[in-house]
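Topology and contacts: notes
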Amino acid sequence: MTLRLRSVFLIVVGLLLLWFLYLERAVLTPFILAAVFAYIFNPVVNFFSHHLRLPRALSILIIYLAIILVVAMAGVAFSSRVVQESGELKKEATMITKTARNEINTLPDWLKPAINDTLESFENGTVISYPSVLSFLPTAFSRILSFIIFIFAAFYFLKEGRKMFDKMLNFVPNAYKIEADILIRKINSVLGGYLRGQIFLVFLVSLTLFICLTILGVKFALILAVFSGFAEIVPIIGPIVAASVAALAAYVGGASNFNLSPLQIALIVVAIYTVVRQLQDYLVNPLIMGRITKLHPLIILFAVISGEHIAGIIGLILAVPIAGVIKIIFEYSLDKVNAKDSH
C-alpha cells in the first residue's frame, strides 16, 4: 500500500469512526468523563510513580481512596446544611409562585397565558415527585452501570494512557511520527491544562463566594456558591447568570447579619461577584489558565453554544478545549502548507 493510499485509507476510517461515535454519543458519556478524569489526575499519578516509585495501579487506587475520603468528609460537613437550604429554597419557591399567581390578575389579558405557562414550568421544576419503585429501578440500574464503567475506564486511561498513544503512533508513517508525537503532546497539554485549571477555578470561586455570602448572611449561601462555581465552566454567560441568580436570591431572601434593605444586599452581592470576576480575569486566569487555548472570546462563546447544542452538558464542558485542539491542528496544517509553498 503506497503512502498516499494509506493516508486516504486512514482518513476515511477516521471519519467513519467519528460518525459512528457521534451516532452512539449517549453511550460515550462515562468514557468521556473517564477521559476528563484521567487528564485531570494524570500528573498526580505520574508524581507517585516517578518520584515515589509506586506502581501506577497502586497510585490510582490511592487517588480513588483519597477522593472517597474527601467526598465523605464533605458529605458529613455540608449534608445537613444542603438539606436545610434545599427545604428553605422549596418553601421560598412555593411562596414566590403563590404571590405571582395572585398578581397575575393585574396583568394585561394578552400577557396572562405566557405568565401562567412560565409559572407551571417553574412549579414542575421545583416540586419533587416520588416515582414508583418499578419506574425508578431501570434508571438507577443504568446510573450504577455508567458509574462502574466510568471507574474502570478511568483506571484504564490512567494506567495505560501512554501505551494507548504509542499504539496510535504505530499507524502513523515513520516520516511523520516525530511531528505526530509533538502534535499529540501539544493537544494533551491544552486539554489537561484547561481541565485542571477549570477544576481549580470552580473550587476557588465556590469557596470565595461561600465565605462572602455567609458573612453577609444571605440565604442559600452554599447552594448559590456551588452553583456559581460550576457556572464558571460556561464562559461569559455562566458568571452573568450566576450573579443575576445570587442578586435575585439576596433581594428576595434578604440577609440576617446586617440591617440592610433587600436592594442594598442585592447591590452588595453584585459588587462581590464583580470584584471576584475582575480578580479572576486579571490575576487568577493569567497565572493558572495562562494562554492555554489562545482563543478569541467570540470563538469561545460560539464553541460553548455549539457544544451544548450538540452534546448537552458534556459538550458545554469540552467545547473550549476541543476548540483549542482544532486550532492547534489547523495551525499545524497551515504551517505544513506554507512550508511546501516556500519550497
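In the block above lies the structure referred to throughout.
Let me begin by describing the structure that accompanies this report. The structure displayed is predicted, hence computed values, not measured ones. (Residues numbered from 1 in each chain as written. Predicted model: local features only at pLDDT ≥ 70, side-chain atom pairs only at ≥ 80, totals over all residues. Heavy atoms only, no water.)

Some details on the overall build of the protein
Counting secondary structure elements, the protein contains 10 helices and zero strands. Across the protein, helices and strands are ordered from the amino to the carboxyl terminus as α-α-α-α-α-α-α-α-α-α. Within the span of the protein, comprising 343 residues, buried residues form 29% of the whole. Pairs at least 24 residues apart make up 66% of the contacts formed inside the protein by residues separated by at least 6 positions. (Helix = DSSP H or I, 4+ residues; strand = E, 2+ residues; numbered from the N terminus. Buried < 20%, exposed > 50% of the residue type's maximum accessible area, 1.4 Å probe, protein only. Contact = heavy atoms within 4.5 Å.)

Here's the deal with the packing of helix α6 (residues 177–216) against helix α7 (residues 221–231)
Where α6 contacts α7, the axes come no closer than 8 Å and their chain directions differ by 150°. Relative to α7, the element α6 lies roughly antiparallel. Crossing angle aside, the handedness with which α6 passes α7 is right-handed. Facing α6, whose interface residues are Val202, Val205, Ser206, Leu209, Phe210, Leu213 and Thr214, α7 presents Ala221, Leu222, Leu224, Ala225, Val226, Ser228, Gly229 and Phe230. The class makeup of the residues in the contact of α6 with α7 is 11 nonpolar, four polar and no charged. (Axes fitted to C-alpha atoms, helices over the stretch in contact; angles between N-to-C directions. Parallel < 35°, antiparallel > 145°, perpendicular 65-115°, else oblique. Left-handed = near helix turned anticlockwise from the far one by under 90°. Nonpolar A, V, L, I, M, F, W, Y, C, P; charged D, E, K, R; others polar.)

Some remarks on the environment of Ile60
Relative to the elements of secondary structure, Ile60 occurs in helix α3 (residues 56–103). A C-alpha to C-alpha distance of 8.9 Å links Ile60 and Phe41, two positions 19 residues apart in sequence.

Description of helix α8 (residues 237–253)
With 17 residues, α8 should cover 24 Å at 1.5 Å per step; its first-to-last C-alpha distance of 24 Å lies within 8% of that length. Just downstream of α8 lies Gly254, where phi reads positive at about 75°. (Expected span 1.5 Å × (residues − 1).)

Details of α6
Taking 1.5 Å of rise per residue, 40 residues should cover 58 Å, and α6 covers 58 Å from first to last C-alpha, within 8% of that figure. Phi turns positive, to about 85°, at Gly217, one or two residues after α6.

Things to note about the environment of Pro235
Within the fold, Pro235 resides in the loop between α7 and α8. The exposure class of Pro235 is buried, given its relative accessible area of 16%. Linking Pro235 and Leu316, residues 81 residues apart in sequence, is a C-alpha distance of 9.5 Å. When residues no more than four places from it in sequence are discounted, the contact partners of Pro235 are Ile300, Val304 and Val320.

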